[in-house]
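Fold and contact review
So you can see what is in the structure, the chains are spelled out below.
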Amino acid sequence: SEAIRPHIALFPSAGMGHLTPFLRLASMLLSNNCDVTLITAKPTVSVAESTHISFFLSTHPEAKHLEFQLPYLQPSNSSTDDPFFIQFEAILRSVHLLHPLLYSLSPPLTAIFSDFVVASGVTRIAVDLGLPHYVVATFSAKFLSLMAYLPILTSDPTKLSSLSTEIDIPGLKPLPVESIPPPFFNSDHLFTANLVSNARALPEVKGILMNTFNWFEPETLSALNSGRVLSNLPPILPIGPLVPYELKREERQYLPWLDNQPTESVVYVNFGSRTAMSKDQIRELQDCLESIEYRFLWVLKSSKVDKDDQEDLEALLSHSFVESTKNRGIVVKGWINQQEILAHPAIGGFVSHCGWNSVGEAAQRGIPVLAWPQHGDQRVNAEVVEKAGLGIWERSWGWGVESLVKQEEIQRKIGELMEDKKLRSTAKKVGEEAKKAGEIGGSSNKVLMQVLQLSIQ
Ligand code: BUP
């Protein structure tokens, strides 16, 4: 009989941390002879999302696009004003509207890959259409174990209490209570309620595709896949780190500047797309970068959503800082091409919030990380980073958005990041293992090829 070609619908939720792995996966699927339909909710929360979607489609003309106009919905409660969480909920509550649109696609779909935060809604459609549904997790396997177990934790207040010191998840080392995202202690919080309802749907899905690799999280992956965490989870399928596709070339001054810096000499500082640092913390970081001798590239953000970021660099930085660092460092505002920066030989260390995509990119390049988690899954990710030998982490710094770290402290850790030879070599080892996982016949590549086989059966 004639071989069927997979036709996969990819459905990410809101925010660059969610869109990025889906676009990378879409690009990988297209180069593996799959048809791809990218479903995107409209309007997007950030400008970065709409720009990246347009650019992706213009450079991948073979990808089909299904724009999903969200009806206006009032958030079901006022537990948060985070526009990304509000959008997660709006997308999940509207997802049934996709049913007729997916049904009428031609050629017919052979599988749906959806974001974890829309899983419960998509599962119903997939069952109805008789299609395999895979979840694409935008977080670490370690965080998945917490999420999968969240319905049990939240159903019993004694299990998940900010008064305990550790949270027990079967089959795994206990998680320190400080690593649990603060909203999880409130089961009515929009974010928590969303995750719980989606975690409940996991037993219905065909598999969970993870942007991680076996070597990076071996114990967690084996605990999850052997049924020790929960007995009813589907296969957990590590296919990462997902391969970046070519982004628009930046016309900005930082690339020629990087070209002129010695190998591994520059500290790259970026806290991701959704962290607005406090003015006080920005000042401490500025004073630190002024007093150290290292070269640096600092991406500075002062609002949660990019279109609100109106403040000029001049208003955020002191005159003395600008003057005294002008030959040694660059501060940029707005979107930069991080994957290109991390691939540059001048980068010697990465001060990172440990968003899971950033971790994957650092892993791919073997760049030592100074973990400075800000919110969400990032403390759990920081544990993974430290354990794998990719980076260092000062636990006592707390959640970035809640505490103030003084310049001397930051200075001390940046010194360690840049000088620790052992760290540099273990980080390089991570880079080699990440590369191996993605090569033909490598652990992640094999898993992806199996999934593509299964998605046409
Ligand atoms: Br900011 C920024 N340029 O200026 P994470 C981010 N990125 O290329 P987040 C840029 O966006 P969550 C910039 O390389 C990564 O692929 C970066 O995802 C890229 O963190 C992605 O690292 C950001 O997962 O998301 O955005 O905070 O809150 O989901 O962790």
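**A closer look at the confidence of the model for the protein**
As a general rule, the predicted coordinates of low-pLDDT regions are not to be interpreted in detail. Overall, the predicted model of the protein reaches an average pLDDT of 94, with 99% of residues at or above 70. Interface confidence for the predicted complex, given as ipTM, is 0.98, next to a pTM of 0.97.

**Brief notes about the site of the ligand**
The environment of the ligand is formed by 18 residues, the closest being Ser 273, Arg 274, Ile 336, Ser 358 and Glu 361. Residue His 353 places a side-chain N or O atom 2.9 Å away from an oxygen atom belonging to the ligand. Glu 361 has a polar side-chain atom sitting 2.5 Å from an oxygen atom of the ligand. Protein coverage of the free-state accessible area of the ligand, which is 620 Å², stands at 95%. Taken together, the elements giving at least two residues each to the shell around the ligand come down to helix H1 (16-30) and helix H14 (356-365). The greatest single-element share of the shell around the ligand, amounting to four residues, is contributed by H14. Considering only residue class, the shell around the ligand consists of three nonpolar, 11 polar and four charged.

**Side note on the packing of helix H6 (residues 141-155) against helix H7 (residues 190-201)**
Closest axis-to-axis distance for the H6/H7 pair is 8 Å, and the angle between their directions is 110 degrees. With respect to their mutual orientation, H6 and H7 come out roughly perpendicular. When H6 is examined against H7, the residues Met 147, Ala 148, Leu 150, Pro 151 and Thr 154 are found in contact with a partner set consisting of Thr 192, Leu 195, Val 196, Ala 199 and Arg 200. Residues of the contact of H6 with H7, tallied by class, amount to seven nonpolar, two polar and one charged.

**Describing the pairing of strand E8 (residues 207-210)**
Judged by which residues are buried, E8 turns out to be covered on both faces: Gly 207 and Leu 209 on one side and Ile 208 and Met 210 on the other are all buried. Here strand E5 (residues 133-137) pairs with E8 via four bridges, running parallel. Its bridge partner lying in E8, Tyr 134 is registered against Gly 207. In this structure, E8 lies alongside strand E9 (residues 236-238), joined through three bridges in parallel fashion. Of the residues in E9, the one forming a bridge with Leu 209 is Leu 237. This β-α-β element, E8 to helix H8 (residues 218-225) to E9, shows right-handed connectivity.

**So, the pattern of salt bridges**
Evaluation of the coordinates by the stated rule reveals 20 salt bridges. Asp 35 is the salt-bridge partner of Arg 5, the closest N and O atoms lying 3.1 Å from each other. Of the two residues, Arg 5 is situated in the segment before strand E1 (7-11) and Asp 35 in strand E2 (residues 35-42); the sequence distance between them amounts to 30 residues. Among the residues examined, Arg 5 registers a relative accessible area of 42% and is labelled partly exposed.

**Thoughts on H6**
With 15 residues, H6 extends 22 Å from end C-alpha to end C-alpha; this agrees with the ideal 21 Å at 1.5 Å per step. Buried residues of H6: Ala 141, Lys 142, Phe 143, Leu 144, Ser 145, Leu 146, Met 147, Ala 148, Tyr 149, Leu 150, Pro 151 and Leu 153, and no others.

**Regarding the packing of aromatic side chains**
Using the criterion set out here, one finds 17 aromatic pairs in the structure. Aromatic pair Phe 213 and Trp 215: ring centres 6.5 Å apart, planes at 10 degrees, arrangement stacked. The buried category is assigned to Phe 213, whose relative accessible area is 2%. Taking the relative accessible area as the measure of exposure, Trp 215 reaches 33% and is therefore partly exposed. Through a chain of ring-to-ring contacts, the aromatic side chains of Phe 85, Phe 88, Phe 116, Phe 139, Phe 143, Phe 184 and Phe 191 assemble into a single cluster.

Reading guide: rules and limits
- Residues numbered from 1 in each chain as written.
- Predicted model: local features only at pLDDT ≥ 70, side-chain atom pairs only at ≥ 80, totals over all residues.
- Heavy atoms only, no water.
- pLDDT = per-residue confidence, 0-100.
- Near = heavy atom within 4 Å.
- Polar contact = N/O pair within 3.5 Å; in protein donor to acceptor, adjacent residues only side chain to side chain.
- Areas by Shrake-Rupley, 256 points an atom, 1.4 Å probe, with all protein chains shown as cover.
- Helix = DSSP H or I, 4+ residues; strand = E, 2+ residues; numbered from the N terminus.
- Nonpolar A, V, L, I, M, F, W, Y, C, P; charged D, E, K, R; others polar.
- Axes fitted to C-alpha atoms, helices over the stretch in contact; angles between N-to-C directions.
- Parallel < 35°, antiparallel > 145°, perpendicular 65-115°, else oblique.
- Contact = heavy atoms within 4.5 Å.
- Buried < 20%, exposed > 50% of the residue type's maximum accessible area, 1.4 Å probe, protein only.
- Pairing = 2+ DSSP bridges.
- Right-handed = clockwise from strand over helix to strand, strands pointing away.
- Salt bridge = Lys/Arg side-chain N within 4 Å of Asp/Glu carboxyl O.
- Expected span 1.5 Å × (residues − 1).
- Phe/Tyr/Trp six-rings, centres within 6.5 Å; stacked < 30°, edge-to-face > 60°.

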